[in-house]
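Residue-level structure breakdown
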Amino acid sequence: MACPRRAASPTWVPMSSSEPILQTAERTWKGVRLSEIVFLVVMAARILLSKGLFHRHLHVPGHSAFFLLFFLLMAKGGVARTGSATAAATLAGADWLAMGLGSEGPLQVLTYVVPALVVDAFCARFPSAPRSFVLAGLIGAAAGFSRVVGLIPGDFAAAADPWTAVHVLAIKSLAGLAFGALGAALVPSLVRKLDRSRMFPL
């Protein structure tokens, strides 16, 4: 009598050491990978962390635009999807508001979202911007300047007269322009290195 044939044991195929774990994540909601969601959450968390660490210690107008634009452009460089920077900024702003850390109230979210909209809009027209020093600097300058939109109501309410508010807003907007350009200009070199090492979700 013939012996029953044993089922072949499954062959174990080791994962290539050059393939990052993030790139093996399954796709989730509407084709967005889990690794992309995690990456944007990490960028949002770093925006909050940098804001919390330096908000009370550095009394330089517009300095927060440096870290904001750095991480927003990193979010765009890592997840090249429509609205990725805005998603990270919205999450950061909502968390900052939920923790009650902002003195401006709901308007604080605009200082995150408006620059992110500028980043997404520019990158939609120039997809290579996160990897170009010139384009990244221009985007950072424009987005850093746009933060003033969320500061206008609070500064006018706190100022003794309108001219004082205009003077303060002018200083903050110009400082945001400069710091935003500097922060964004650091992104391309880092993005290129991560591209070569295949550390990005995409």
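Residues numbered from 1 in each chain as written. Predicted model: local features only at pLDDT ≥ 70, side-chain atom pairs only at ≥ 80, totals over all residues. Heavy atoms only, no water.

**Considering the overall build of the protein chain**
Where we set the bar: The numbering of helices and of strands both runs from the N terminus, where a helix is a DSSP run of H or I of at least 4 residues and a strand a run of E of at least 2. Throughout this description, buried means an accessible area under 20% of the type-specific maximum (1.4 Å probe, protein chains only), exposed means over 50%, and partly exposed covers the range between. Should any heavy atoms of two residues lie within 4.5 Å, those residues are considered in contact. Note on areas: these come from Shrake-Rupley sampling with a 1.4 Å probe, and a residue is covered only by the protein chains present in the view.
Within the protein chain, the secondary structure is distributed over eight helices and zero strands. Beginning at the N terminus, the succession of helices and strands in the protein chain can be written as α-α-α-α-α-α-α-α. Within the span of the protein chain, comprising 202 residues, buried residues form 39% of the whole. Considering only intrachain contacts with a sequence separation of at least 6, the fraction spanning at least 24 residues in the protein chain is 72%. Taken as a whole, the protein chain presents about 11,700 Å² of accessible surface, with 70% of it coming from carbon and sulfur.

**Describing the pattern of salt bridges**
A side chain with one charge may pair with a side chain of the opposite charge, provided their charged atoms come close. What counts, and what does not: What counts as a salt bridge is simple: a side-chain nitrogen of Lys or Arg found within 4 Å of a carboxyl oxygen of Asp or Glu.
A full pass over the atoms with the stated rule returns two salt bridges. With its nearest N and O atoms 2.8 Å apart, the salt bridge here joins R81 to E36. Of the two residues, R81 is situated in the loop between α2 (64–78) and α3 (84–98) and E36 in helix α1 (residues 34–54); the sequence distance between them amounts to 45 residues. Residue class for E36 comes out buried when judged on its relative accessible area of 1%.

**Thoughts on the side chain of T86**
The condition is simple: Any pair of N or O atoms that falls within 3.5 Å is considered a polar contact. Within protein, one atom must be able to donate a hydrogen and the other to accept it, and sequence-neighbouring residues count only if both atoms are side-chain atoms.
Residue position: T86 is located in helix α3. When its relative accessible area of 15% is taken as the criterion, T86 is described as buried. At 2.5 Å, the side chain of T86 and the side chain of D120 are in polar contact. Setting aside its immediate chain neighbours within four residues, T86 contacts V113, A116, L117 and D120.

**Description of α2**
Using the following cut-off: Here, expected helix span is obtained from the residue count minus one, scaled by 1.5 Å.
A rise of 1.5 Å per residue sets the reference length of α2, with its 15 residues, at 21 Å; its end C-alpha atoms lie 21 Å apart and thus fit the reference within 8%. Where burial is concerned, most of α2 is hidden: 13 out of the 15 residues are buried.

**Considerations on the nonpolar core**
This is how the line gets drawn: Residues belong to a common nonpolar core when they are buried Ala, Val, Leu, Ile, Met, Phe, Trp, Tyr or Cys residues joined through side-chain atoms within 4.5 Å.
One finds I47, L73, Y112 and V119 to be the most contacted residues of the largest nonpolar core, which totals 32 residues. Those elements that place two or more of their residues in this core are α1, α2, α3, α4 (110–125), α5 (133–146) and α8 (187–197). It is α2 that provides the largest number of residues to this core, a total of eight residues.

**Let's talk about the confidence of the model for the protein chain**
Our working rule: Confidence scores labelled pLDDT are given residue by residue by the predictor and lie between 0 and 100.
Averaged over all residues, the pLDDT of the protein chain equals 77, while 71% of them reach at least 70. Summarising per-element confidence for the protein chain, the mean pLDDT is lowest in helix α6 (residues 148–158) (68) and highest in α5 (93). For residues 9–26, every residue scores under 50 in pLDDT, and the model assigns this stretch 17 contacts once sequence neighbours within four places are set aside.

**Regarding the environment of F39**
Here F39 is to be found in helix α1. For F39, a relative accessible area of 12% gives the class buried.

**A look at a nonpolar patch on the surface**
Basically, it comes down to this: Like-charged residues within 9 Å of one another, or nonpolar side chains (Val, Leu, Ile, Met, Phe, Trp, Tyr) within 5 Å, are grouped into patches, provided each residue has over 30% relative accessible area and no salt bridge.
Residues L34, I37, V38, V41, V42 and L91 make up a contiguous nonpolar surface patch of about 420 Å² in total accessible area. It is α1 that contributes the most residues to the nonpolar patch, five residues altogether. Mapping V41 onto the fold places it in helix α1.

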